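Chain by chain, the residues:
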Amino acid sequence: QVQLVESGGGLVQAGGSLRLSCAASGSIFSINAMGWYRQAPGKQRELVAAITSGGSTNYADSVKGRFTISRDNAKNTVYLQMNSLKPEDTAVYYCNADLRPRMSSPRMAYWGKGTLLTVSS
């Protein structure tokens, strides 16, 4: 069984910073891309940032220059450093991993349960 556990959400004032972490554990053969998505109330879930196993990154236009995604492959952990936070960043942030549980398994997408970020104005 594979688990993704996020941590680091909370309440922060506009202009502040916060770092999210997500650790993948359990039966894992290999992890390809890892990423962060978010879902604000009444809106669809959207990609925030993603990073491949080789370190290539991709960001939503709304967070470019403010957020930085990174990962520690040895720890199966992905981070999201968020700076210059805005009230519109308020959302539940979900961790996602594209991984193979076993060598014989196909690649599958796994999700964490989410962590809430609230940015006050």
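To be clear, the structure that these remarks concern was listed above.
### Observations regarding the sheet that holds strand S3 (residues 18–26)
Thought 1: Taking strand neighbours across the sheet as the criterion, the 4 strands line up as S1-S3-S8-S7 in an open arrangement whose pairing is antiparallel. Bordering the open sheet on either side are strand S1 (2–7) and strand S7 (67–72), each of which pairs with just one other strand. With direction set aside, neighbouring strand axes in the sheet form an average angle of 15°.
Thought 2: Relative to strand S8 (residues 77–82), S7 runs antiparallel, the two being bridged by 6 bridges. Bridged to threonine 68 within S8 is glutamine 81.

### Details of the packing of aromatic side chains
Thought 1: Counted by the stated rule, this structure contains 1 aromatic pair.
Thought 2: Between the NZ or CZ atom of arginine 45 and the centre of the ring of tyrosine 94, over which it lies, the distance is 3.7 Å.
Thought 3: For arginine 45, the ring lying beneath its charged end belongs to tryptophan 111, and the centroid distance is 4.7 Å.

### Topic: the side chain of threonine 115
Thought 1: By secondary structure assignment, the location of threonine 115 is in strand S11 (residues 115–120).
Thought 2: A polar contact of 3.3 Å, which involves the side chain of threonine 115, links it to the backbone nitrogen of glycine 9.
Thought 3: The contacts of threonine 115, once residues within four sequence positions are left out, are Glu6, Gly9, Leu20, Ala91, Val92 and Tyr93.

### Examining unusual backbone geometry
Thought 1: Even without being glycine, asparagine 76 reaches a positive phi, approximately 50°.
Thought 2: Examined against the element boundaries, asparagine 76 turns out to sit in the loop between S7 and S8.
Thought 3: Although it is not a glycine, serine 84 adopts a positive phi angle of roughly 50°.
Thought 4: When you line up the elements, serine 84 lands in the loop between S8 and strand S9 (91–100).

### Side note on the pattern of salt bridges
Thought 1: For the structure shown, the criterion picks out 5 salt bridges.
Thought 2: Its salt-bridge partner being arginine 38, residue glutamate 46 comes within 2.8 Å of it at the nearest N-O pair.
Thought 3: Exposure remark for glutamate 46: the relative accessible area of 35% places this residue in the partly exposed category.
Thought 4: For arginine 38, a relative accessible area of 6% gives the class buried.
Thought 5: Here the residues in one salt-bridge network are Arg38, Glu46, Arg66 and Asp89, joined through shared partners.

Conventions we followed
- Residues numbered from 1 in each chain as written.
- Predicted model: local features only at pLDDT ≥ 70, side-chain atom pairs only at ≥ 80, totals over all residues.
- Heavy atoms only, no water.
- Pairing = 2+ DSSP bridges.
- Helix = DSSP H or I, 4+ residues; strand = E, 2+ residues; numbered from the N terminus.
- Axes fitted to C-alpha atoms, helices over the stretch in contact; angles between N-to-C directions.
- Phe/Tyr/Trp six-rings, centres within 6.5 Å; stacked < 30°, edge-to-face > 60°.
- Lys NZ or Arg CZ within 6 Å of the ring centre and 35° of its normal.
- Polar contact = N/O pair within 3.5 Å; in protein donor to acceptor, adjacent residues only side chain to side chain.
- Contact = heavy atoms within 4.5 Å.
- Salt bridge = Lys/Arg side-chain N within 4 Å of Asp/Glu carboxyl O.
- Buried < 20%, exposed > 50% of the residue type's maximum accessible area, 1.4 Å probe, protein only.

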